[in-house]
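This is what each chain is made of:
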Amino acid sequence: LNVTAVVTLNNEETADDLGDLIEYAHGSQDTLWGRQRIIDGRLHTYKPFVVEIGNEQSVTDTFVRQVSEGASAMVTRALSIGMDENLLRFAIGGWLDMAQINTAVCDRMVNATKWLGSRIMWDVHVGGEGPSDADHGIAVLDMAIKMLDRLGSSMNLAVFEENAQTHDVTRGLNRARYANYYASLSQRFVLSTTVNGLQVFGHNDNGWDQGMVFLTPDSVWLSPYGFAQAMIASAFGTVILHVENDEAVAVPML
């Protein structure tokens with residue numbers, strides 16, 4: 001599949017374990033964990049993927065250390081197995097909202113990972129249930145970009161969870177609004193995913209009734225939110241216009 005995979009890990013993983021993951025996924029048979037992958041039935045190395053550390057926890061100095069040391073351990077292990085370190089990409093999973101942006105500890109997180117350049121992104125979770133949720137989500141992302149510019153960071157932004165408790169037309173309109181906004185951010189925004197993909201009809205035990213694709217044992221259908229995403233996907237990509245000027249046009253000087 002031509003997709004970007006994201007592996008989200010507990011922030012309590014040790015730096016050594018994170019290094020082992022890189023060796024397992026990308027190491028040759030000459031490495032300890034590369035051999036283990038082959039024994040497990042996977043001969044070829046995996047396509048590079050994004051490693052996200054943490055998910056919606058508070059941004060503390062401990063978390064800053066876990067992210068910076070974890071990323072450093074993965075880069076070091078990549079170099080030791082002959083892998084191009086520039087293929088590694090990372091994501092910060094700590095909760096980021098207006099109350100966290102521009103705080104001292106948030107600044108320390110950005111500065112501690114600045115050495116990774118654009119290979120690191122901050123995963124910002126946004127709401128899409130109503131127009132006011134989208135207003136807030138866009139304002140948070142705008143504020144985060146200004147913070148990164150202020151600190152001189154090349155860090156990118158991403159949204160791995162665009163959340164709501166519904167899958168109706170309003171959710172679909174917010175999905176379209178977010179997609180248009182993300183496109184306006186150019187290279188600063190790199191990846192977005194919505195929640196949920198698949199939902200068994202009538203079975204949702206956590207209140208997040210936001211399926212994009214609903215299914216029963218014999219049927220599958222798109223929700224209004226799913227139809228919006230399908231239209232966005234069909235229009236995604238670069239449109240190249242072929243233009244020819246077959247005669248000279250005089251432009252008067254003003």
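Residues numbered from 1 in each chain as written. Predicted model: local features only at pLDDT ≥ 70, side-chain atom pairs only at ≥ 80, totals over all residues. Heavy atoms only, no water.

### Thoughts on the nonpolar core
- Counting residues in each nonpolar core, the largest one holds 48 residues, and the members touching the most others are F90, W122 and L157.
- A total of 9 residues in this core trace back to one element, the largest contributor, which is helix α5 (residues 131-151).
- Each residue touching W122, except ones within four places of it in the same chain, is listed here: V59, I92, G94, L96, C106, M109, V110, M155, N156, L157 and A158.
- Counting residues in hydrophobic clusters, the runner-up holds 6 residues, among them V50, A91, A158 and L191. (Core = buried A, V, L, I, M, F, W, Y, C linked by side-chain atoms within 4.5 Å. Buried < 20%, exposed > 50% of the residue type's maximum accessible area, 1.4 Å probe, protein only. Helix = DSSP H or I, 4+ residues; strand = E, 2+ residues; numbered from the N terminus. Contact = heavy atoms within 4.5 Å.)

### A look at the sheet that holds strand β10 (residues 219-222)
- Spatially, the 3 strands line up as an open sheet ordered β8-β9-β10, and their pairing is mixed. Of all strands in the sheet, those with a lone pairing partner are β8 (198-200) and β10, marking the two edges. Strand-to-strand twist across the sheet, computed as the mean angle between neighbouring axes with direction ignored, equals 25°.
- The sheet contact formed by strand β9 (residues 213-216) and β10 spans 4 bridges and is antiparallel. By the bridge assignment for β10, L215 is matched with V220. (Pairing = 2+ DSSP bridges. Axes fitted to C-alpha atoms, helices over the stretch in contact; angles between N-to-C directions.)

### Points about the packing of aromatic side chains
- Applying the stated criterion across every chain, the model contains 6 aromatic pairs.
- On the numbers, 5.7 Å between centres and 20° between planes, the contact of Y178 with Y182 is stacked. With Y178 and Y182 both in helix α6 (residues 169-184), this residue pair falls 4 residues apart, about one helical turn. One exposure class covers both Y178 and Y182, and it is buried.
- Their ring planes at 65° and their centres at 5.4 Å tell us that F201 and W221 sit as a pair that is edge-to-face. Taken together, the residues F201 in the loop between β8 and β9 and W221 in strand β10 connect sequence positions 20 residues apart.
- An aromatic cluster is built from Y178, Y181, Y182 and F189, whose rings are joined through pairwise contacts. (Phe/Tyr/Trp six-rings, centres within 6.5 Å; stacked < 30°, edge-to-face > 60°.)

### Things to note about the environment of Q165
- Tracing the backbone shows Q165 in the loop between β6 (156-163) and α6.
- Between the C-alpha atoms of Q165 and R175, which are 10 residues apart in sequence, the distance is 13 Å.
- Once you skip the residues sitting within four places of it in the chain, Q165 turns out to touch E129, G207, W208 and D209.

### With respect to the pattern of salt bridges
- Applying the stated criterion to the full structure yields 9 salt bridges.
- Residue D20 is joined to R77 by a salt bridge in which the shortest nitrogen-to-oxygen separation is 2.9 Å. Pair noted here: D20 is in helix α1 (residues 15-26) and R77 is in helix α3 (residues 61-80), with a separation of 57 residues, a long-range link.
- Residue classification places R77 among the buried positions, given a relative accessible area of 18%.
- A salt bridge links R119 to E85, with the nearest nitrogen and oxygen atoms 3.4 Å apart. Here E85 lies in the loop between α3 and β3 (89-92) and R119 lies in the loop between α4 (104-112) and β4 (120-123), a separation of 34 residues in the sequence.
- Accessibility expressed as a relative area gives 13% for R119, which makes it buried.
- Salt bridges here are not isolated pairs; linked through shared partners, they connect D20, E23 and R77. (Salt bridge = Lys/Arg side-chain N within 4 Å of Asp/Glu carboxyl O.)

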